[in-house]
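Coordinate analysis (summary)
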Amino acid sequence: MSDQNRLGVFKTYKLYVGGKFPRSESGRVYEVTDSKGQWLANAPKSSRKDARDAVVAARKAFGGWSGATAYNRGQVLYRVAEMLEGRKEQFVREVAASEGLSKSKAAAAVDAAIDRWVWYAGWTDKIGQIAGGANPVAGPYLNLSTPEPTGVVAVLAPQKSSFLGLVSVIAPVIATGNTAVVIASADAPLPALSLGEVLATSDVPGGVVNILSGVTAEIAAPLAAHQDVNAIDLTGADAELAKELEIAAADNLKRVLRPQLVDADGAADSVDWMASPGTHRLTAFLETKTVWHPTGALGAAGSSY
């Protein structure tokens, strides 16, 4: 049968929460269009309830994920890169349509995103060496500082870089043992929702990454005020929204990663996502635990070890 006689099978995009693919609790959807205004798909429009459910899933997954060895987390992240490599053509199509890029530029962005995922996978068992260590102390004792994950992190993905920017904000959060609730780009959510399918078929435990689509401000507000969210990345917020969310986040002393650069539209998308990411996102959501230990002479007999 020729292609022109086939009835097209349209893809149903869903949220990714707790390792499952629910529709929005509200039942709402919204139209996603390409750069020319042509319809691409209907995406679920997340509600406040969806955001709360995602936080519950992320908290439930935190103990097991943060308790895994750093080496194991690196293996899991590398497996995600393998899965992305196998579905590269799909992501190239989605990125090209979502961002209005040529096929070659979209392919370059997808390749960079896969490479970035591998790069962060390699950091899982090395970040402790640069973020911790033995501290010089004047006295018969020593202390050691080690990094530990902050907890549940709400991540506002970049609005314009629907895949490379998305990977650049998710991978460092989970590489260091945190769990994430991610709000996809409002206008270009399809690559993020497809990433959920990759995560579900890789070795990432359900709940470690939860992906929501919809109106960024509508979903972000309850996350910024949520008492069980430990940190928030404001990359995908414009200046006005970032200020509102930062005020809400102060209620339970959340860690806040502020947008670094703001473009003419007030969105933090002037970041060159192709540039080397450095380690600042790896250390942004880490806490430092310091343990003290005595050394030298002990007791009246002066024994030592």
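Now for a look at the structure at hand. Counting starts from 1 at the beginning of each chain's written sequence and moves along it residue by residue. Given that the model is predicted, a residue must reach a pLDDT of at least 70 before its local features are reported, and side-chain atom pairs must reach 80 or more before they are shown or counted; all residues, however, enter totals for whole chains, interfaces and linings. Excluded from the side-chain calculations are hydrogens and water; all other atoms, namely the structure's heavy atoms, are used.

Our next topic: the pairing of strand β5 (residues 152-156). To sort residues, take the accessible area from a 1.4 Å probe on protein chains only and compare it with the maximum for the residue type: under 20% means buried, over 50% means exposed, and anything in between is partly exposed. Note on conventions: DSSP H or I runs of at least 4 residues are helices, E runs of at least 2 residues are strands, and numbering of each starts at the N terminus. Counting buried residues along β5, five of its five residues qualify, which places the element largely inside the surrounding structure. At least two DSSP bridges between two strands are required for those strands to pair. Across five bridges, β5 lies against strand β6 (residues 179-183) in parallel orientation. Each residue of the ladder has a partner; that of Leu156, found in β6, is Ile183. In terms of strand pairing, β5 meets strand β8 (residues 231-233) through three bridges, oriented parallel. In the strand pairing of β8, Ala154 is matched with Ile232.

The subject of this paragraph is the sheet that holds strand β10 (residues 286-294). Pairing within the open sheet is antiparallel, and its three strands lie in the order β3-β4-β10. Edge positions in the open sheet fall to β3 (133-135) and β10, since each of these has one partner strand only. The average undirected angle you get between the axes of adjacent strands in this sheet is 30 degrees. As judged from the nine bridges shared by strand β4 (residues 141-149) and β10, these two strands associate in the antiparallel manner. Note that in β10 the partner of Glu148 across the bridge is Glu287. Note on definitions: angles span 0 to 180 degrees between N-to-C directions of axes, and those axes are lines fitted to C-alpha atoms, for helices only across the stretch in contact.

Turning our attention to the packing of helix α1 (residues 48-67) against helix α8 (residues 216-225). Interhelical geometry of α1 versus α8 gives an angle of 45 degrees and a closest axis separation of 9 Å. Considering the angle they form, α1 stands oblique to α8. For the element pair α1 and α8, the recorded crossing hand is right-handed. Touching Arg48, Ala51 and Val55 of α1 are Glu218, Ile219, Pro222 and Leu223, all from α8. Counted by class, the contact of α1 with α8 contains five nonpolar, no polar and two charged residues. Under this scheme an angle from 65 to 115 degrees is roughly perpendicular, one under 35 degrees roughly parallel, and one over 145 degrees roughly antiparallel; angles in between are oblique. When the near helix sits turned anticlockwise from the far one by under a right angle, the crossing is termed left-handed; a clockwise turn instead gives a right-handed crossing. The contact criterion used throughout is that any non-hydrogen atoms of two residues lie within 4.5 Å. Polar here means any residue outside two lists: the nonpolar Ala, Val, Leu, Ile, Met, Phe, Trp, Tyr, Cys and Pro, and the charged Asp, Glu, Lys and Arg; Gly therefore counts as polar.

Right, let's get into the nonpolar core. As used in this record, nonpolar core signifies buried Ala, Val, Leu, Ile, Met, Phe, Trp, Tyr and Cys residues forming a set joined through side-chain atoms within 4.5 Å. Of all hydrophobic cores here, the largest spans 61 residues; its most connected members are Trp117, Phe163, Val182, Leu199 and Ile211. If we ignore the near neighbours within four places in the chain, the residues touching Trp117 are Leu77, Val80, Ala81, Val167, Ile170, Ala171, Ile174 and Leu199. Grouped together as the second largest cluster of nonpolar side chains are 25 residues, Val181, Ile219, Ala237 and Leu241 included.

Listed as buried for α8 are Thr216, Ile219, Ala220, Pro222, Leu223 and Ala224. For α8, the elements touching its buried residues are α1, β5, β6, β7 (209-212), β8 and α9 (239-249).

Regular strands place their side chains on alternate faces of the sheet. Along β6, five of the five residues are buried, which leaves the element largely enclosed by surrounding structure. Of the two faces of β6, the one carrying Thr179, Val181 and Ile183 and the one carrying Ala180 and Val182 are both buried. We call a crossover right-handed when, viewed with both strands directed away from the observer, the connection leading from the first strand over the helix to the second proceeds clockwise. As for the winding sense of the linkage, the β-α-β connection from β5 through helix α6 (residues 164-175) to β6 is right-handed. Pairing between β6 and β7: four bridges, direction parallel. Among the inter-strand pairings, Val182 is bridged to a residue of β7, identified as Ile211. You can see the chain leave β6, run along helix α7 (residues 190-200) and come back into β7, and the turn it takes is right-handed.

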